[in-house]
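Next come the chains, spelled out residue by residue.
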Amino acid sequence: MRNHTFPSFSMLMVVLLSLMAALTLTVIAAQIGTSEVEPHTDSPFAEKCYTCHGNEVAYKEWEFSGHKHALTNLIEGPYETRDSCLSCHSAGYDDPTRNWGEKQEITLKTAVNAVSCSLCHSHRSHRKDYLTKSIKSLCISCHKMDCGCAGAGIIHQSQSEMFLGREGAGVKRMPSPHVKVMKKRCVHCHMAKEDSETIAKHGGHTFKANFSTCKQCHEDMDQKIKKYRTEIEQKMQAVKAILDQANDREDENYKQAKLNYDMVKGDSGYGLHNAIYANALLDYSLSLEQELIGNR
Ligand code: HEC
Ligand code: HEC
Ligand code: HEC
Ligand code: HEC
Ligand code: HEC
Ligand code: HEC
């Protein structure tokens, strides 16, 4: 059973006078066995998942995840920030136990939380694990190139576009072969865990993928990945050389060749999430050589 009344107990003990303590104990005793929460704290995480889930592996793993640093990196990052950036970089301000509570407007000045539990879970959801979005669309709703903050001067990474094999220039759609075989998509590799009970170094709520997952279906992927990587990095150098020499950077061909290059580079540096598509994108960029530097 979850020990979910424990934090409320200690919290109230601190807050209430000793005279009130007896009464408090009675209230808490009455709550054991239900999933209601009574108390409120001024903790930055108004969502308060920790009061009930704080001792679980999910919570502890999340502490090691990149998601925990999403707000710091946003604010300290080199880009122009605006409040709308927070839709993916910060949450956890609404107390789910207070239905009547007002939804808080969070700004860059008031934000304190990173990618918290409630960006992915809500006890009000009817999905498995109370996910806020289908498991297929959860990660890609944030991990995409276009953050919807046009003009802010930032292009995010391209895992979603590369994995689904789309948005590149001059190349037909080419989803990764993994899209078909991985019902949970990103989650299949990034949350894979050998043992669900122990706190993992990768997988689970660390969200860190690991090449050991490949062994489920591939032999010898280590060698193959090395080969792909060398091949792709060579092509990237060739494309970069052409881009550097290009005469007209406003030209449509230049923009297309550069887009494809950026997509491959923006995905782990060498298009890891879809090697076949990465090759096709770079091949297209290379095919534009004549148009880009032909007059030299
Ligand atoms: C009052 C205590 C309480 C709070 C606060 C709470 N939970 Fe839960 N949660 C539970 C209990 C009890 C269950 C198991 C029964 C059920 O499914 O409702 C559960 C189940 C879950 C599950 C389903 C998977 C599982 O382990 O059974 C998820 C996911 C989850 N909670 C996430 C969250 C998140 C995220 C928050 C914060 C937004 C949160 N919970 C807040 C008590 C709580
Ligand atoms: C659609 C969701 C979304 C929005 C909106 C969003 N981001 Fe991000 N951001 C991400 C994701 C996902 C990552 C982590 C992976 C990556 O780098 O793409 C990230 C990473 C970052 C990073 C750290 C990595 C790096 O490239 O240095 C910075 C800085 C950043 N975002 C700035 C911003 C700024 C500034 C805005 C608003 C103009 C913004 N983000 C809006 C999803 C978003
Ligand atoms: C980026 C999205 C995301 C965030 C943030 C997140 N979770 Fe999850 N969580 C998931 C997904 C996806 C699953 C289902 C995993 C699966 O099906 O393999 C899950 C599963 C769970 C489960 C079910 C048991 C398990 O470990 O698989 C619990 C409990 C849970 N999450 C609690 C939490 C808590 C508590 C937090 C905050 C510390 C949190 N989650 C933050 C995406 C997220
Ligand atoms: C609400 C938006 C959002 C969702 C949903 C989301 N992420 Fe993230 N993710 C981010 C942001 C923002 C960062 C950037 C953290 C930072 O600044 O380093 C990030 C960082 C990461 C990182 C670390 C990247 C690095 O370079 O260290 C991984 C891995 C990751 N996310 C995987 C996932 C997976 C897998 C899912 C789906 C289960 C998911 N994310 C869902 C917003 C999101
Ligand atoms: C659930 C099973 C499964 C897992 C796990 C898996 N793959 Fe695959 N992968 C496939 C299937 C099916 C194909 C398409 C048929 C083929 O080419 O073997 C494929 C194709 C590929 C391809 C392109 C074709 C080729 O073989 O050169 C690469 C590259 C690849 N996988 C890399 C990886 C890497 C890296 C991992 C681990 C991070 C991984 N795969 C994990 C099932 C899987
Ligand atoms: C076939 C397994 C597999 C699938 C499916 C997968 N990834 Fe990855 N991902 C990996 C591996 C392996 C790494 C590299 C980890 C390392 O370098 O140790 C990685 C790296 C990453 C990184 C961090 C690397 C960087 O670019 O800096 C992010 C963020 C990420 N993946 C997000 C996603 C998202 C979002 C999806 C779904 C669209 C996804 N991944 C699907 C295996 C996978």
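Bear in mind the structure is a predicted one, so any value in this text is a computation, not a measurement. (Residues numbered from 1 in each chain as written. Chains lettered and ligands numbered in written order. Predicted model: local features only at pLDDT ≥ 70, side-chain atom pairs only at ≥ 80, totals over all residues.)

J.: Outline the site of ligand 4, listing residues and values.
T.: Taken together, 20 residues form the shell around ligand 4, and within it Gly-66, Asn-73, Cys-139, Cys-142 and His-190 come nearest. Looking at the shell around ligand 4 element by element, the count peaks at 3 residues for helix α9 (residues 186-190). Per-class residue counts for the shell around ligand 4 are 11 nonpolar, 8 polar and 1 charged. (Near = placed C-beta within 6 Å. Helix = DSSP H or I, 4+ residues; strand = E, 2+ residues; numbered from the N terminus. Nonpolar A, V, L, I, M, F, W, Y, C, P; charged D, E, K, R; others polar.)

J.: Help me get a handle on the nonpolar core, residues and values and all.
T.: Core analysis: the biggest nonpolar cluster contains 16 residues, and Val-264, Ala-278, Leu-281 and Leu-282 have the highest contact counts within it. For this core, the elements supplying multiple residues, two or more each, are α7 (159-164), α10 (221-245), α11 (252-265) and α12 (275-287). In terms of residues, this core owes the most to one element, α12, which gives 5 residues. Those residues in contact with Val-264 that sit more than four places away from it in its chain are Ile-232, Met-236, Tyr-270, Gly-271, Ala-278, Leu-281 and Leu-282. In terms of nonpolar packing, the next biggest core, distinct from the first, is built from 12 residues, Leu-86, Tyr-93, Leu-119 and Cys-120 among them. (Core = buried A, V, L, I, M, F, W, Y, C linked by C-beta atoms within 7 Å. Buried ≥ 20, exposed ≤ 12 C-beta atoms within 10 Å, placed from the backbone. Contact = placed C-beta atoms within 7 Å.)

J.: So what's going on with the site of ligand 5? Residues and values would help.
T.: Looking at ligand 5, there are 17 residues lining it, with Pro-177, Cys-214, Gln-216, Cys-217 and Ala-275 nearest. For the shell around ligand 5, the elements supplying multiple residues, two or more each, are α8 (177-181), α10 and α12. In terms of residue count, the dominant contributor to the shell around ligand 5 is α10 (4 residues). Partitioned by chemical class, the residues of the shell around ligand 5 number 12 nonpolar, 4 polar and 1 charged.

J.: Which residues make up α12, and what values do they have?
T.: Across its 13 residues, α12 extends 18 Å between first and last C-alpha, which sits within 8% of the 18 Å expected from 1.5 Å per residue. Residues of α12 that are buried sit in contact with α7, α10 and α11. (Expected span 1.5 Å × (residues − 1).)

J.: Tell me what's going on with unusual backbone geometry, and back it up with residues and numbers.
T.: Trans is the common state for peptide bonds, and a negative phi is the common state for residues other than glycine. Its identity as a non-glycine residue notwithstanding, Tyr-130 has a phi of 50°, on the positive side. Note on placement: Tyr-130 falls in the loop between α6 (86-89) and α7. In this model, Arg-185 sits at a positive phi of 50°, which is unusual for a non-glycine residue. Residue classification places Arg-185 among the buried residues on the basis of 21 C-beta atoms within 10 Å.

J.: Describe the packing of α10 against α12, with residues and values.
T.: The angle between the axes and the distance between the axes are what describe a pair of packed helices. The geometry of α10 relative to α12 is characterised by a closest axis approach of 10 Å and an angle of 25° between their N-to-C directions. Taken together, α10 and α12 sit at an angle that is classed as roughly parallel. In this structure, α10 meets α12 at a crossing whose hand is left-handed. Residue-level inspection shows Tyr-228, Ile-232, Lys-235, Met-236, Ala-238 and Val-239 of α10 in contact with α12, the latter providing Ala-275, Ala-278, Asn-279, Leu-282, Ser-285 and Leu-286. Residue composition of the contact of α10 with α12, by class: 9 nonpolar, 2 polar and 1 charged. (Axes fitted to C-alpha atoms, helices over the stretch in contact; angles between N-to-C directions. Parallel < 35°, antiparallel > 145°, perpendicular 65-115°, else oblique. Left-handed = near helix turned anticlockwise from the far one by under 90°.)

J.: Which residues make up the confidence of the model for the chain, and what are the values?
T.: Detailed reading of the predicted coordinates is not advisable wherever pLDDT is low. Of all residues in the chain, 80% attain a pLDDT of 70 or more, and the chain-wide mean is 83. Put simply, helix α2 (residues 18-31) is where the chain has its lowest mean pLDDT, 38, and α12 is where it has its highest, 98. Low pLDDT (under 50) marks residues 1-43, which in the prediction has 30 contacts with non-local residues, meaning those over four places away or in another chain. (pLDDT = per-residue confidence, 0-100.)

J.: Break down α11 for me, with residues and values.
T.: Its 14 residues place the ends of α11 20 Å apart at the C-alpha level, agreeing with the 20 Å of an ideal helix rising 1.5 Å per residue. Looking only at α11, the buried set comprises Gln-256, Ala-257, Leu-259, Asn-260, Met-263 and Val-264. End-on view of α11: buried residues confined to an arc of 155°, all on one side of the axis. Where the residues of α11 are buried, they touch α7, α10, α12 and α13 (289-293). (Arc of directions from axis to C-beta.)

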